[in-house]
Number of protein chains: 2
Amino acid sequence: MRDAYQDELDGLAGGLADMCGEVAAALEKATRSLLECDLQLAEEVISEDIKVDEIRAAAEEKAFALLALQAPVATDLRIVVSAIHGAGDIERMGDLALHVAQAARRRHPQPVLPEEVKPYFAEMGRVGVALALKAGEVIRTRDLAAAAELETDDDAMDDLHRHMFTVLMDRNWTHGVAAAVDVTLLARFYERYADHAVAVARRIVYVVTGRMPGPVTV
Amino acid sequence: MRDAYQDELDGLAGGLADMCGEVAAALEKATRSLLECDLQLAEEVISEDIKVDEIRAAAEEKAFALLALQAPVATDLRIVVSAIHGAGDIERMGDLALHVAQAARRRHPQPVLPEEVKPYFAEMGRVGVALALKAGEVIRTRDLAAAAELETDDDAMDDLHRHMFTVLMDRNWTHGVAAAVDVTLLARFYERYADHAVAVARRIVYVVTGRMPGPVTV
């Protein structure tokens, strides 16, 4: 009986780690669709978001069943509660990747991004995808050193995000208000994506140590 | 024993409803600080956000203790799980009100908003505050009709949000890129604030009916 229970707990974590893989792939594709004005890639991200929603719903049901039937305590209870939070964060990461793809589709065949900001978005995409993959690894391994790394990796995203504003506010911005609005929102989507990955890692620190490392939302 | 347990469940809901009152007050003040360039009001919102974070932490601890010590099932378990989600949503609403206040402070004594968009933000503030208060009422009363109203009220926010983009994209926008960037982000903060209020109400529908009404995140 206890073994089946441990399997269920492991399955819950495995589902969330898989979900991280899905939203990493979504952001990778969404970023490419944005940079390369690739409508087909954008459509793929948009139609595949339902998968992430389904894994989230399944994870929540699994967590609920574990609570109702097994009444876990201590570390096991922290695992289940953190899974409930984590599923929400990771689903939101999927939504944000979806928003990026929707922006690419909305402007197609026009590019959303002026050439001069594309390198920043390529980098924000790279950092975001790496954060999602690392969050998945932290869920699987409960490696606290890796969890701490996400905070540092997120600093890189924050720097990129801040830098985008410097570029936008510069008098040499020649791309007009509409492009500035798109760039503002897109940069915000990447930054929030990264915040949610960090929140997932922090919840794992809580699972292992019983303490939350600082505030979850920044 | 069961009475103390019911008291704890009620206390958990009561704490969340109070939290809704706090974030409604925060958005009301943040909006005024924005419209009237009132630095002192902005500072109040910024320094009071910690209160919301503390109520959230207390609510999560209470929920965790209930799960560990009482092993609730059925409706009671849905109450506790929904409280965990709700606390996260309401804390985020507080963060978004904080972001509005921070924008007001950052530009002080310059106004953040051009005169022509102030009426829209006054209205977004009014709708947001009403949504937060109604979400608190839904938590207290579990009134499904009121919960359904939040969806309609949120449509008003979405309309305002979309309209802001029309104004920004208009060729007659004469306030430059920096103001457009501020308006874009601020409008997004109000829209997300409303989304979280709707998510809270949806969780109460789930508590009562056992079913989620549509996707939580939009």
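Residues numbered from 1 in each chain as written. Chains lettered and ligands numbered in written order. Predicted model: local features only at pLDDT ≥ 70, side-chain atom pairs only at ≥ 80, totals over all residues. Heavy atoms only, no water.

1. Here's the deal with the pattern of salt bridges
Going through the model one piece at a time under the given rule, you end up with 38 salt bridges over all chains. Between Glu 22 of chain A and Lys 51 of chain A there is a salt bridge whose closest N-O contact spans 3.5 Å. With Glu 22 of chain A in helix α1 (residues 2–35) and Lys 51 of chain A in helix α2 (residues 39–70), this pair connects stretches of sequence that are 29 residues apart. Accessibility expressed as a relative area gives 26% for Glu 22 of chain A, which makes it partly exposed. Ionic pairing is found between Asp 153 of chain A and Lys 134 of chain A, a salt bridge with its closest N-O pair at 2.9 Å. On the criterion of sequence distance, the pair formed by Asp 153 of chain A in helix α5 (residues 144–169) and Lys 134 of chain A in helix α4 (residues 118–141) is long-range, its members being 19 residues apart. Assessed through its relative accessible area of 23%, Asp 153 of chain A is described here as partly exposed. Each of Arg 56, Glu 60 and Glu 91 of chain A together with Arg 203 of chain B takes part in a single network of salt bridges with overlapping partners. (Salt bridge = Lys/Arg side-chain N within 4 Å of Asp/Glu carboxyl O. Helix = DSSP H or I, 4+ residues; strand = E, 2+ residues; numbered from the N terminus. Buried < 20%, exposed > 50% of the residue type's maximum accessible area, 1.4 Å probe, protein only.)

2. With respect to the interface of chain B and chain A
With 36 residues of chain B at the contact, the number on the chain A side is 36 residues. Counting each side, the surface lost to burial between chain B and chain A is near 3,000 Å², with a carbon and sulfur contribution of 69%. The largest share of the area that chain B buries against chain A comes from Phe 64, Val 177 and Arg 188 of chain B, three residues that together contribute 18% of it. On inspection of chain B and its partner chain A, the count reaches two salt bridges. The interface formed by chain B and chain A includes four residue pairs in polar contact (both at pLDDT 80 or more). Those elements giving two or more residues to the side of chain B that touches chain A turn out to be α2 (39–70), α3 (74–107), α5 (144–169) and α6 (176–209) of chain B. Sorting elements by how many residues they give to the side of chain B that touches chain A places α6 of chain B first, with twelve residues. Tallied by class, residues from the side of chain B that touches chain A come to 21 nonpolar, five polar and ten charged. (Contact = heavy atoms within 4.5 Å. Buried area = accessible area lost by both parts, 1.4 Å probe. Polar contact = N/O pair within 3.5 Å; in protein donor to acceptor, adjacent residues only side chain to side chain. Nonpolar A, V, L, I, M, F, W, Y, C, P; charged D, E, K, R; others polar.)

3. With respect to unusual backbone geometry
Outside of glycine, negative phi angles account for most residues, and trans bonds account for most peptide bonds. Residues and elements named next belong to chain A. Here His 108 and Pro 109 are connected by a cis peptide whose omega angle stands at 5°. Along the chain, Pro 109 turns up in the loop between α3 (74–107) and α4. The backbone phi angle of Cys 37 is positive, close to 50°, even though this residue is not glycine. Secondary-structure assignment places Cys 37 in the loop between α1 and α2. For Ala 74, which is not glycine, the phi torsion reads 50° and is therefore positive. Tracing the backbone shows Ala 74 in helix α3.

4. Quick word on the packing of aromatic side chains
Taken as a whole, this structure holds four aromatic pairs over all chains when the rule is applied. On the numbers, 6.5 Å between centres and 75° between planes, the contact of Tyr 206 of chain A with Phe 64 of chain B is edge-to-face. Of this pair, Tyr 206 of chain A sits in helix α6 (residues 176–209) while Phe 64 of chain B sits in helix α2, which puts the two residues in different chains. Relative to Tyr 190 of chain B, the ring of Phe 121 of chain B has its centre 5.7 Å away and its plane inclined at 70°; by these criteria the two rings are edge-to-face. Of this pair, Phe 121 of chain B sits in helix α4 (residues 118–141) while Tyr 190 of chain B sits in helix α6; the two residues are 69 residues apart in sequence, bridging distant segments of the chain. (Phe/Tyr/Trp six-rings, centres within 6.5 Å; stacked < 30°, edge-to-face > 60°.)

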